[in-house]
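Report on the structure
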Amino acid sequence: MATQIVQAPTSADHAGDTAPLPAAALPALARLHAAFPVVQAVTVYETAAVHAAQLAARAESGLMSDLDADDLAHAEELMAGTRAILTKAGRLDLIGGA
């Protein structure tokens, strides 16, 4: 059985539309693009915070290796970097900051 390749549309169906979004959707898309760095920073921060908490527990148990210590330092650096992004955006509230 052969696979049929279908070409992607190169134009919109209606005058004034931009394929595949209508022109009226462009402002909403622009807002989403502007918010993406903030969303990404929150995701990185939250992931790093969980990892840092896990590694801190390992440190308290006395079982932390040098590699774990490096991972903890990296997680803390990620948290600081993303905190700076969120501070600049005025959105520390997204990670429980003031």
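Only a predicted model underlies this, so the values are computations on that prediction, with no experimental measurement involved. In this convention, every chain numbers its residues from 1, walking through the sequence in written order. Totals for whole chains, interfaces and linings use every residue, but because this is a predicted model, local features are given only for residues with pLDDT of at least 70 and side-chain atom pairs only at 80 or more, for both listing and counting. Side-chain metrics in this entry use all non-hydrogen atoms of the structure; hydrogen atoms and water are not considered.

Let's shift gears to the overall build of the protein chain. Helix and strand counts for the protein chain come out as two helices and zero strands. Summary of the burial criterion: residues with accessible area below 20% of their type's maximum are buried, those above 50% are exposed, and those between are partly exposed, where the area comes from a 1.4 Å probe applied to protein chains only. Classification of the 98 residues of the protein chain by burial places 16% in the buried group. Counting contacts in the protein chain only where the partners sit at least 6 residues apart, residues at least 24 apart contribute 52% of the total. Here the Shrake-Rupley method, with its probe set to 1.4 Å, supplies the accessible areas, and only the displayed protein chains count as covering residues. Per element, the accessible surface of the protein chain, about 7,500 Å² overall, is 62% carbon and sulfur. Labels follow the DSSP assignment, with helices taken as runs of H or I lasting at least four residues and strands as runs of E lasting at least two, numbered in each case from the N terminus. Throughout, a residue-residue contact means that at least one pair of heavy atoms, one from each residue, lies within 4.5 Å.

A word on the packing of helix H1 (residues 26-61) against helix H2 (residues 66-88). Simply put, an axis is a line fit to the C-alpha atoms, just over the touching stretch for a helix, and the angle between two N-to-C directions goes from 0 to 180 degrees. Their axes nearest at 8 Å, the elements H1 and H2 cross at an angle of 150 degrees. Taken together, the axes of H1 and H2 lie roughly antiparallel to each other. Note on packing geometry: the crossing formed by H1 with H2 is left-handed. For the pair H1 and H2, the contacting residues are Pro37, Val38, Ala41, Val42, Val44, Tyr45, Ala48, Ala49, His51, Ala52, Leu55 and Arg58 in the first and Asp68, Asp71, Leu72, Ala75, Leu78, Met79, Thr82, Arg83, Ile85 and Leu86 in the second. In this count, Pro and Cys sit with the nonpolar residues alongside Ala, Val, Leu, Ile, Met, Phe, Trp and Tyr, while Asp, Glu, Lys and Arg are called charged and the others, Gly among them, polar. For the contact of H1 with H2, the per-class residue count stands at 16 nonpolar, two polar and four charged. Angle categories are assigned with fixed cut-offs, so that under 35 degrees is roughly parallel, over 145 is roughly antiparallel, 65 to 115 is roughly perpendicular, and the rest are oblique. The hand of a helix crossing depends on one turn: near helix anticlockwise from the far one by less than a right angle means left-handed, and clockwise means right-handed.

All right, on to the pattern of salt bridges then. Whenever a carboxyl oxygen of Asp or Glu lies within 4 Å of a side-chain nitrogen of Lys or Arg, that contact is scored as a salt bridge. Taken as a whole and judged by the stated rule, the model has two salt bridges. Notably, a salt bridge pairs Asp68 with Arg58, separated by 3.5 Å at the nearest N-O pair. You can see Asp68 sitting in helix H2 and its partner Arg58 sitting in helix H1, a full ten residues away along the chain. For Asp68, a relative accessible area of 14% translates into the label buried. In this structure, Asp93 and Arg91 form a salt bridge, with 3.0 Å as the shortest nitrogen-oxygen distance.

Here Val44 is to be found in helix H1. When residues no more than four places from it in sequence are discounted, the contact partners of Val44 are Leu78 and Thr82.

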